[in-house]
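# Examining the three-dimensional arrangement
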Amino acid sequence: MATTSSPLKRSPVSAAPRRDAAATRKALTSAAVHEFSRNGFAGARVDEIARVAGVNKQLVYHYFENKQGLYLVALESVYAEIREKEKSLSLGALAPLEAMAQLVAFSFDYLAEHPEFLALLTDENRSQGAHILESERLRKMHSPFIGMLEETLARGVAEGVFRKDYDAINLYISIAGISYFFFSNNHTLSAIFGKALGSRGALLQRRRHVIEFALNALRL
């Protein structure tokens, strides 16, 4: 008697893994920040960014269109990070002098902990801010730092501890400037003065100086 063979059972076909678009963009942005901060816009290589991110180079163009698009996203990401950290500062409960000391310390500490921000800022200034001008998101990303300065200055003036002839924007530029110059020129300053100004001890000494310098300028 003939036997009928049962139909062969097919193994379930597993679907091809789907790429996580958000994770890919994040990996590319992180790699871009690293590459652009090391080599600037002109010297950075898209191939290297793709390699570090662990993706095909074509995905860079898929998500960001071109090198300039990727650079803009890298700039936006570092500015977004500092803006978020600024928003987390809670100064309302502090006395004006203590609040101002924290604002100055934050500005110094952020540059100390984020050399990539310093490097990208320096490179963008060499380009006369051309890329930032093309980013609507960056132009709308106003710093809450200015508002904090204005509020802290006003409280200090009202309590009779701060002078009343300071403009918040000029004060912001001065606070940022005395920290920025120290970090942007650290190697040359170390060589000129024969001191390791990048050491932990030198950083702590400079931090104290920057805070006291700013507070002494503001005190009545």
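Relevant structure appears above.
These notes cover the structure that comes with them. (Residues numbered from 1 in each chain as written. Predicted model: local features only at pLDDT ≥ 70, side-chain atom pairs only at ≥ 80, totals over all residues. Heavy atoms only, no water.)

Before going further, it helps to spend a moment on the overall build of the protein. If you tally the helices and strands in the protein, you get 12 helices and zero strands. Scanning the protein from its N terminus toward the C terminus, one meets helices and strands in the order α-α-α-α-α-α-α-α-α-α-α-α. Taking the principal axes of its C-alpha atoms as reference, the protein extends roughly 110 × 45 × 35 Å. When burial is assessed residue by residue, the protein has 39% of its 220 residues classed as buried. (Helix = DSSP H or I, 4+ residues; strand = E, 2+ residues; numbered from the N terminus. Buried < 20%, exposed > 50% of the residue type's maximum accessible area, 1.4 Å probe, protein only.)

This next bit is on the pattern of salt bridges. Per the stated rule, a full pass over the model turns up nine salt bridges. As a salt-bridge pair, Arg-126 and Asp-123 come within 3.1 Å of each other at their nearest N and O atoms. Of this pair, Arg-126 and Asp-123 both sit in helix α6 (residues 115-126), three residues apart, roughly one helical turn. (Salt bridge = Lys/Arg side-chain N within 4 Å of Asp/Glu carboxyl O.)

The subject of this paragraph is helix α9 (residues 144-158). Spanning 15 residues, α9 covers 21 Å between terminal C-alpha atoms, matching the ideal 21 Å at 1.5 Å per step. Among the residues making up α9, those that are buried are Phe-145, Ile-146, Met-148, Leu-149, Thr-152, Leu-153, Arg-155 and Gly-156. At its buried positions, α9 is contacted by α4 (67-87), α5 (96-113), α10 (168-184) and α12 (200-218). Of the residues flanking the end of α9, it is Gly-160, one or two places downstream, whose phi is positive at about 75°. (Expected span 1.5 Å × (residues − 1). Contact = heavy atoms within 4.5 Å.)

An ideal rise of 1.5 Å per residue puts 27 Å on 19 residues; α12 measures up with 28 Å between its terminal C-alpha atoms. Of the residues making up α12, those classed as buried are Ala-202, Val-210, Ile-211, Ala-214, Leu-215 and Leu-218. The secondary structure elements touched by the buried residues of α12 are α5, α9 and α10.

What follows is about the packing of helix α1 (residues 21-43) against helix α2 (residues 46-53). Viewed as axis vectors pointing N to C, α1 and α2 meet at an angle of 130°, and their least axial separation amounts to 8 Å. As the angle between them shows, α1 and α2 are arranged oblique. Taken as a pair, α1 and α2 cross one another with a handedness that is right-handed. Taken together, the residues of α2 that come into contact with α1 (itself represented by Ala-27, Leu-28, Ala-31, Ala-32, Glu-35 and Phe-36) are Glu-48, Ile-49, Ala-50, Val-52 and Ala-53. (Axes fitted to C-alpha atoms, helices over the stretch in contact; angles between N-to-C directions. Parallel < 35°, antiparallel > 145°, perpendicular 65-115°, else oblique. Left-handed = near helix turned anticlockwise from the far one by under 90°.)

Once that is clear, we can look at the packing of aromatic side chains. Within the structure shown, the criterion is met by 12 aromatic pairs. When the centroid spacing of 5.4 Å and the interplanar angle of 75° are considered together, the rings of Tyr-79 and Phe-117 count as edge-to-face. Of this pair, Tyr-79 sits in helix α4 while Phe-117 sits in helix α6; the two residues are 38 residues apart in sequence, bridging distant segments of the chain. Comparing Tyr-79 with Phe-117 shows no difference in burial state: the two are buried. Pairwise contacts between aromatic rings join Tyr-79, Phe-106, Tyr-110, Phe-117, Phe-145 and Tyr-172 into one cluster. When the ring centre of Phe-41 is taken as origin, the NZ or CZ atom of Lys-67, which lies over that ring, is 5.0 Å away. (Phe/Tyr/Trp six-rings, centres within 6.5 Å; stacked < 30°, edge-to-face > 60°. Lys NZ or Arg CZ within 6 Å of the ring centre and 35° of its normal.)

In this structure, the largest pocket encloses a volume near 690 Å³. Looking at the largest pocket, it is lined by 24 residues, and the ones nearest its centre are Tyr-79, Arg-83, Leu-121, Tyr-172 and Ala-176. At the level of elements, α4, α5, α6, α8 (136-140), α9 and α10 are the ones that each hand at least two residues to the lining of the largest pocket. Here the lining of the largest pocket gets six residues from one element, more than from any other, and that element is α10. In terms of residue class, the lining of the largest pocket is made up of 17 nonpolar, four polar and three charged. By volume, the second largest pocket is sized at about 210 Å³. Residue lining of the second largest pocket: Phe-181, Phe-182, Leu-189, Phe-193, Lys-195, Leu-197, Ala-202, Gln-205, Arg-206 and His-209, and that is the complete set. (1 Å grid on protein atoms, 1.4 Å probe; cavity = no way out; pocket = protein on both sides within 12 Å on 5 of 7 lines; lining within 4 Å. Points joined across faces, edges and corners; volume = space filled by probe spheres on them. Nonpolar A, V, L, I, M, F, W, Y, C, P; charged D, E, K, R; others polar.)

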